[in-house]
Amino acid sequence: RSSDTMVTVGVILDLMAKWGDEAQPVPAGNVHVDATGLGKGVADRLKQTGHHVDAVDFGASPRYAWPQLTGQTLFRNMRGEMHWTLRRLLEERQACIPRKYSELWRQACWYSYEFREASKGSMAELGESKDEIRERYGRSPDDLDAAILGLARKPKSKPTIRVMKI
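These numbers were taken from a predicted model, which means no experiment stands behind them.

## Focus on the overall build of the protein
1) Next: Counting its secondary structure elements, the protein contains seven helices and five strands.
2) Next: Shown N-terminal to C-terminal, the secondary structure of the protein runs as helices and strands in the order α-β-α-β-α-β-α-α-β-β-α-α.
3) Next: Against the globule reference of 15 Å for 166 residues, the protein gives a C-alpha radius of gyration of 16 Å, in line with a compact fold.
4) Next: For the C-alpha atoms alone, the extent of the protein along its principal axes is close to 50 × 35 × 35 Å.
5) Next: Within the protein, the fraction of its 166 residues that count as buried is 40%.
6) Next: A fraction of 49% describes how many contacts in the protein between residues 6 or more apart in sequence connect residues 24 or more apart.

## Remarks on the packing of helix H1 (residues 5–18) against helix H2 (residues 38–48)
Packed helices, taken two at a time, are described by the angle between their axes plus the distance between the axes.
1) Next: With their axes 9 Å apart at the nearest point, H1 and H2 run at an angle of 55° to one another. The angle between H1 and H2 falls in the class oblique. Along this stretch, H1 crosses H2, giving a crossing that reads as right-handed. The residues of H2 that touch H1, namely those facing Thr-5, Met-6, Thr-8, Val-9, Ile-12 and Leu-13, are Leu-38, Gly-41, Val-42, Arg-45 and Leu-46.

## Examining the sheet that holds strand E3 (residues 74–75)
Across a sheet, strands are paired by hydrogen bonds formed along the backbone, either parallel or antiparallel in direction.
1) Next: In space, the three strands of this open sheet follow the order E3-E5-E4, with mixed pairing throughout. In this open sheet, the two strands that pair with only one neighbour each are E3 and strand E4 (113–118).

## Some thoughts on unusual backbone geometry
1) Next: Of note, Tyr-64 is a non-glycine position whose phi angle comes to about 55°, a positive value.
2) Next: The partly exposed category is assigned to Tyr-64, whose relative accessible area is 31%.
3) Next: Located in the positive-phi region is Arg-93, a residue other than glycine, with phi close to 60°.
4) Next: Mapping Arg-93 onto the fold places it in the loop between helix H4 (78–91) and helix H5 (102–108).
5) Next: Here Arg-93 falls in the exposed class, since its relative accessible area comes to 73%.

## Things to note about the pattern of salt bridges
1) Next: Within the structure shown, the criterion is met by twelve salt bridges.
2) Next: Across the salt bridge formed by Arg-87 and Glu-91, the nearest N and O atoms sit 3.2 Å from each other. Here Arg-87 pairs with Glu-91, and both are found in helix H4, just four residues apart, close to one helical turn.
3) Next: Residue class for Arg-87 comes out partly exposed when judged on its relative accessible area of 35%.
4) Next: For Arg-88, the salt bridge is made with Glu-91, and the minimal N-O distance between the two is 2.7 Å. Of this pair, Arg-88 and Glu-91 both sit in helix H4, three residues apart, which is roughly one turn of the helix.
5) Next: Taking relative accessible area as the criterion, Glu-91 reaches 44% and is therefore assigned partly exposed.
6) Next: In this structure, a network of salt bridges that share partners links the residues Arg-87, Arg-88, Glu-91 and Glu-92.

## As for the pairing of E4
1) Next: Both E4 and strand E5 (residues 121–126) contribute to a ladder of six bridges, which runs antiparallel. Counterpart to Tyr-113 in the pairing with E5 is Leu-126.
2) Next: Turn length for the E4-E5 hairpin, with the two strands adjacent in sequence and antiparallel, is two residues.

Conventions we followed
- Note on numbering: residues in each chain are counted from 1, in written sequence order.
- Totals for whole chains, interfaces and linings use every residue, but because this is a predicted model, local features are given only for residues with pLDDT of at least 70 and side-chain atom pairs only at 80 or more, for both listing and counting.
- Only hydrogens and water are set aside when side-chain values are computed; all heavy atoms of the structure are taken into account.
- Helix numbers and strand numbers start at the N terminus; a helix is a DSSP run of H or I with at least 4 residues, a strand a run of E with at least 2.
- In this treatment the radius of gyration is a C-alpha quantity, and the globule benchmark scales as 2.2 Å times the residue count to the 0.38 power.
- Buried residues are those whose accessible area, probed at 1.4 Å on protein chains only, stays under 20% of the maximum for their type, while exposed residues exceed 50% and partly exposed ones sit between those limits.
- Pairs of residues are marked as contacts when any of their non-hydrogen atoms sit within 4.5 Å.
- In this analysis, axes come from line fits to C-alpha atoms, helices being fitted only over the stretch in contact, and the angle between any two N-to-C directions falls in the range 0 to 180 degrees.
- In this scheme, roughly parallel covers angles under 35 degrees and roughly antiparallel covers those over 145, while 65 to 115 is roughly perpendicular and the rest are oblique.
- In a left-handed crossing the near helix is turned counterclockwise from the far helix by less than a right angle, and in a right-handed crossing that turn is clockwise.
- Think of it this way: DSSP has to see at least two bridges between two strands before they count as a pair.
- Salt bridges are counted wherever a side-chain nitrogen of Lys or Arg sits within 4 Å of a carboxyl oxygen of Asp or Glu.

See the structure below:
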């Protein structure tokens, strides 16, 4: 949560080493970085140092990586698609969030969805902006954002969501 991108890069590299298996760091491709705003500089610096992380720009166009869950639904951006995907994964019991992560559950309930007709079909949009969420709840939904970052790329197996405290 530092505005200094180099400090954040150092924290990420430390966590990659700490959370790795058998003295090997977590592979950079398994690290998902919110590349919106200050995060873009963090992702760029990690790539510059040879750590090609998955830079996820929530404002970018949706990737539609989960067609079995999204169907014909359209999304304005990646953020809306990922929120919807997590919701559908939970509804279909293809993912679970352990009860001990109650804050993540709480944050997942903060958003609503609005539907409107678009030229190619029905578009689902988040009903509130992140700024509106911050204003209403007094803070950012960081736990939820961290969880949906990992959904940006479709996994080869069923997803698992682990929230690790720093």
